[in-house]
Amino acid sequence: MVLPPLAVLHAEPAPALDLLTVPQVMTRLQLGRSAVYDLLRSGQLASITLGRARRIPAHALTDFIRTLLEQEAA
């Protein structure tokens, strides 16, 4: 019997991609619905569409905030 390598047995699961809803982003940024949709429409905040649902990857929100901070520092 051949056993899989030890690394395969103890491999860490891939981190789940956290997808946020528009209301969750509204709460985190303390912005209104139309302001969040304006950010999505302008491409400042990345999103994906699943069927009719709009979802924002958590890393996209982090990147957006980082970009704003860099602009403020410049």
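Residues numbered from 1 in each chain as written. Predicted model: local features only at pLDDT ≥ 70, side-chain atom pairs only at ≥ 80, totals over all residues. Heavy atoms only, no water.

Draft legend 1. A look at the overall build of the chain. For the chain, the count of helices and strands is four helices and three strands. Ordered by position from N to C terminus, the α and β elements of the chain give α-β-α-α-β-β-α. The 74 residues of the chain split such that 18% are buried. When contacts within the chain are restricted to residue pairs at least 6 apart in sequence, long-range pairs at least 24 apart make up 47% of them. Carbon and sulfur atoms form 58% of the exposed surface of the chain, whose accessible area is close to 5900 Å². (Helix = DSSP H or I, 4+ residues; strand = E, 2+ residues; numbered from the N terminus. Buried < 20%, exposed > 50% of the residue type's maximum accessible area, 1.4 Å probe, protein only. Contact = heavy atoms within 4.5 Å. Areas by Shrake-Rupley, 256 points an atom, 1.4 Å probe, with all protein chains shown as cover.)

Draft legend 2. Seen up close, the nonpolar core. Residues L20, V22, V25, L29, V36, L39, L40, L45, I56, A60, L61 and F64 constitute the largest nonpolar core, which totals 12 residues. Counting only elements with at least two residues in this core, the list comes to helix 2 (22–29), helix 3 (33–42) and helix 4 (58–73). When sequence neighbours within four positions are dropped, the list of residues in contact with L39 reads L29, L31, Q44, L45 and F64. (Core = buried A, V, L, I, M, F, W, Y, C linked by side-chain atoms within 4.5 Å.)

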